[in-house]
Amino acid sequence: MVQKKAGNGDNLVIVESPAKAKTIEKFLGKDFTVKSSYGHIRDLAKSDFGVAIEKNYEPQYIIPDDKKEVVKELKKIANKADVVWLASDEDREGEAIAWHLFEVLDLDISKTKRIVFHEITKEAILKAVQNPREINMHLVNAQQARRVLDRLVGFELSPVLWRKVKPSLSAGRVQSVAVRLLVEREREIFGFHGKESYRVTSLLDVKDDKGKSYELKSELSKRFDTLNEVRTFLNDCKDASFNVADVEKKPLTKSPAAPFTTSTLQQEASRKLGFSVGQTMSIAQKLYEAGKITYMRTDSVNLAQSAVEAAAKVIKDTMGDNYLKTRQYKTKAKGAQEAHEAIRPTYLESDTIVGSAGEKKLYELIWKRTIASQMSEARLEKTTISIDVSGRDENFIATGEVIRFDGFLKVYIESFDNESDPEDEENASLLPPVSIGQSLAMKEIEARQRWTQKPARYTEASLVRKLEELGIGRPSTYAPTISTIQNRGYVVKEERPGIEREYHYLRLNKSVLHEEIRVEIYGAERNKLFPTDIGMVVNDFLVKYFPNVVSFDFTANVEKDFDDIAMGKMVWENVIDQFYKPFHAQVEDTLEKSEKSTGERVLGNDPKTGKPVIVKIGRFGPMVQIGESNDENDKPQFAGLRTGQHIETITLEEAMDLFKLPRDLGEFEGKKVVIGIGRFGPYIRHDGKFVSLKKEDDPYEIDLNTSIERILNKREEDNKKLIKTFEEEADLKILNGRWGPYITFNKKNYKIPKNVVAEDLAYDDCIKLIEKQDKEPAKKKTNKRKKA
């Protein structure tokens, strides 16, 4: 047990989260009080940039209102403590939190110690207490530089976007680059035209020495460009003989993947568990704070020697010495910090934990990856059989793999993002024994029309990998970057259904050639990232006027500068100054000289009126406009784009279809049922009331019966919502809301006290509550004025 320090007071340990505090408190004993700061206790002010540019970029920090009580309590305890131990996380953000605590709590440097640990175990905590250090101001300054630079970029660029693109937009340094990657990939897909070919596969009959038959699947070494070519080939196969020309066997070894970094954990959790990047980091943080895994924000693949030894023991005890091969890995990522350690379980002897389903799954993934990294290579044998077709130059190829020793595959197989054709994976299987020169009987040959695949859209996981490859961002920034670009409406993550297409199918069976047209679904997308129209227009504007800010190289070089600041090689204010002065001039120049950018395209003219049809970004998003906005006598018509439509690719015909709304579907209860699209989306209008359509309802295709069903469902919901009405005042109602019963009157809502039964309220009771609550805001405002 750590001994109490000299003096009459206690030891105060401050960490960021209550969960982390609870775990650490178990290890330190009664002489230590462990408290949480609940994250950052101060941040840059929201007004005037939060940065005093004229004072050499001095950050203007404030304590948010929701942290003032926390600070007050921590100050009170700190003043009584002999020693204050700042135990926030070991990365730059954690170091900055420790420094902010030191400054705000006005701590005495002689009574303050900084401790760091990579895992929350008793051994690690006690070791950290025995080896304290001072706050590392180089790490603090690297974090300050990131916050100040990002604040300056965001606060300078956002007003430019408000004036030149659309109100209420915002821009960020790393986020804008991430959006650019998505936009460029989307345009690749827009411009992609698949090349068709014909894939030919065979099913051949192989007989062994005892006359037993086996099926051998193989694929032709060439793909044909035209239907006539494949027909000719299949007709030639009717009387052809098939002989084994060559059998090649090659030994292969597969090595295990390195232990997890933040990036690779996010990628594998996405592929294997279907977790979003944010979900992965949230669960990983809980595991870390509970002492189950090591620190989850890292770009290192190193394992501590004690962890390697613990993994070796597990492998030997459960699988045997032949499965053990310990190793250390070297980090390949740009700017990686080798001093850190990979993500691993703190106690490798535990292959499972107690926790939520998500925590168990993620822990098991981390455990398997760590154990596999210290296991032997897998030994395989790859066999390739080449089969000649008499009278033709092409040959069929069959490939298969046999595992001779499973090694690490016994525990873990890494997943990948590449979207290969499922048909290409059919032949990786066991092959029947054959010999060179052996004759094979043809059972069936098939040919299918195929197309080259378009570039794959990014998933959250593959975007993280790309950002890491380019050196953009660091482990702590990947998840916030991806959530921010979605929250800002520049990117959406969604599933999109595939499209039907016809393809030629040919089959040669018993010397008879069959041909038919088949239908397949292609292009379905699952959990992919799509840039929105507004995201694409903003990206184009930034690329045109601020190419340096959204440059991949610039963003990666800034990260290197932050790394140099963290190592004490650069002064952070100088880094900011070198960027800001030319950038600010660029902003001023763009505000003065650039034109408004809305992505506007003229599609043609309205066939009925001859007026121009324009597509662009409007006040409420992408839209089509018929007519000119400056014609006061004849106002233009507007229609919003449908899901999946883009201002870059929509045609005149598709645009004109959008003006088919409002649609009159007929009558229900003697009143018209009309479908339209308003500011808040598609709706049904009936008897002066509006009913929102469901997500699966297409406003252009919904019929009368479905609309009536939606109307009746809404009525039923409203009836359940209504608790009481009053004859004295028709507009006064008591309703059941998400947070419980409430009063509504004159389009305003009023709370009902928890100790009051809503059904028992009389008209006079409601009026009293309304009058009382109407007075309260005015009273609060008066108090604020007096304080001011």
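Preceding block: the structure.
Below or above, wherever it landed, is the structure these notes cover. Computed from a prediction, not measured in an experiment: that's the story for all the values here.

### So, the packing of aromatic side chains
Part 1 of the reasoning: Going through the model one piece at a time under the given rule, you end up with 15 aromatic pairs.
Part 2 of the reasoning: Through a chain of ring-to-ring contacts, three or more aromatic side chains come together here, namely Phe224, Phe233, Phe242 and Phe396.
Part 3 of the reasoning: In this arrangement the basic side chain of Arg180 is found over the ring face of Phe552, its NZ or CZ atom lying 4.9 Å from the centre.
Part 4 of the reasoning: Over the ring of Tyr503 we find Arg450, and its NZ or CZ is 5.1 Å from the ring centre.

### Description of the side chain of Glu525
Part 1 of the reasoning: You can see Glu525 is positioned in strand S18 (residues 525-531).
Part 2 of the reasoning: A polar contact is formed between the side chain of Glu525 and the side chain of Arg457, at a distance of 2.6 Å.
Part 3 of the reasoning: If we ignore the near neighbours within four places in the chain, the residues touching Glu525 are Lys454, Arg457, Glu494, Glu495, Arg496 and Phe530.

### Observations regarding helix H9 (residues 277-289)
Residue pairs three or four apart in sequence face the same way in an α-helix, which turns once every 3.6 residues.
Part 1 of the reasoning: Taking 1.5 Å of rise per residue, 13 residues should cover 18 Å, and H9 covers 18 Å from first to last C-alpha, within 8% of that figure.
Part 2 of the reasoning: Buried residues of H9: Val277, Thr280, Met281, Ile283, Ala284, Leu287, Tyr288 and Glu289, and no others.
Part 3 of the reasoning: Buried residues along H9 sit in contact with helix H1 (18-28), helix H8 (262-273), helix H11 (357-372), helix H12 (460-469) and helix H13 (478-487).
Part 4 of the reasoning: Backbone geometry just downstream of H9 places Gly291 in the positive-phi region, at approximately 80°.

### Regarding the nonpolar core
Part 1 of the reasoning: Formed by 138 residues in total, the largest nonpolar core has its most connected members in Phe117 and Leu362.
Part 2 of the reasoning: It is helix H5 (residues 137-164) that contributes the most residues to this core, 10 residues altogether.
Part 3 of the reasoning: The residues touching Leu362, leaving out its near neighbours within four places in the chain, are Leu265, Ala269, Leu273, Phe275, Thr280, Ile283, Ala284 and Leu287.
Part 4 of the reasoning: With 26 residues, the next largest nonpolar core counts Cys237, Val244, Leu440 and Ala447 among its residues.

### Remarks on the pattern of salt bridges
Side-chain pairing between opposite charges can occur once the charged atoms of the two side chains come close.
Part 1 of the reasoning: Within the structure shown, the criterion is met by 62 salt bridges.
Part 2 of the reasoning: Note that Asp657 and Lys660 form a salt bridge whose closest N and O atoms lie 3.3 Å from each other.
Part 3 of the reasoning: Overall, the relative accessible area of 31% leaves Asp657 in the partly exposed class.
Part 4 of the reasoning: Of the charged contacts, one joins Glu669 and Arg715 as a salt bridge, the two residues approaching to 2.5 Å between their closest N and O atoms. One end of the pair, Glu669, is in the loop between strand S23 (663-668) and strand S24 (671-678); the other, Arg715, is in helix H18 (residues 704-721), with 46 residues separating them in the sequence.
Part 5 of the reasoning: Counted as one network, the salt bridges with shared partners bring together Glu16, Lys20, Asp89, Asp91 and Arg297.

### Regarding the environment of Glu219
Part 1 of the reasoning: With respect to the secondary-structure elements, Glu219 resides in strand S10 (residues 213-220).
Part 2 of the reasoning: The class of Glu219 is buried, set by a relative accessible area of 17%.
Part 3 of the reasoning: Among all residues touching Glu219, those that are not within four sequence positions of it are Arg199, Val200, Thr201, Asn395, Phe396 and Ile397.
Part 4 of the reasoning: Looking at Glu219, its side chain comes within polar contact range of the side chain of Arg199, at 3.1 Å.

Definitions and cut-offs
Residues numbered from 1 in each chain as written. Predicted model: local features only at pLDDT ≥ 70, side-chain atom pairs only at ≥ 80, totals over all residues. Heavy atoms only, no water. Phe/Tyr/Trp six-rings, centres within 6.5 Å; stacked < 30°, edge-to-face > 60°. Lys NZ or Arg CZ within 6 Å of the ring centre and 35° of its normal. Helix = DSSP H or I, 4+ residues; strand = E, 2+ residues; numbered from the N terminus. Polar contact = N/O pair within 3.5 Å; in protein donor to acceptor, adjacent residues only side chain to side chain. Contact = heavy atoms within 4.5 Å. Expected span 1.5 Å × (residues − 1). Buried < 20%, exposed > 50% of the residue type's maximum accessible area, 1.4 Å probe, protein only. Core = buried A, V, L, I, M, F, W, Y, C linked by side-chain atoms within 4.5 Å. Salt bridge = Lys/Arg side-chain N within 4 Å of Asp/Glu carboxyl O.

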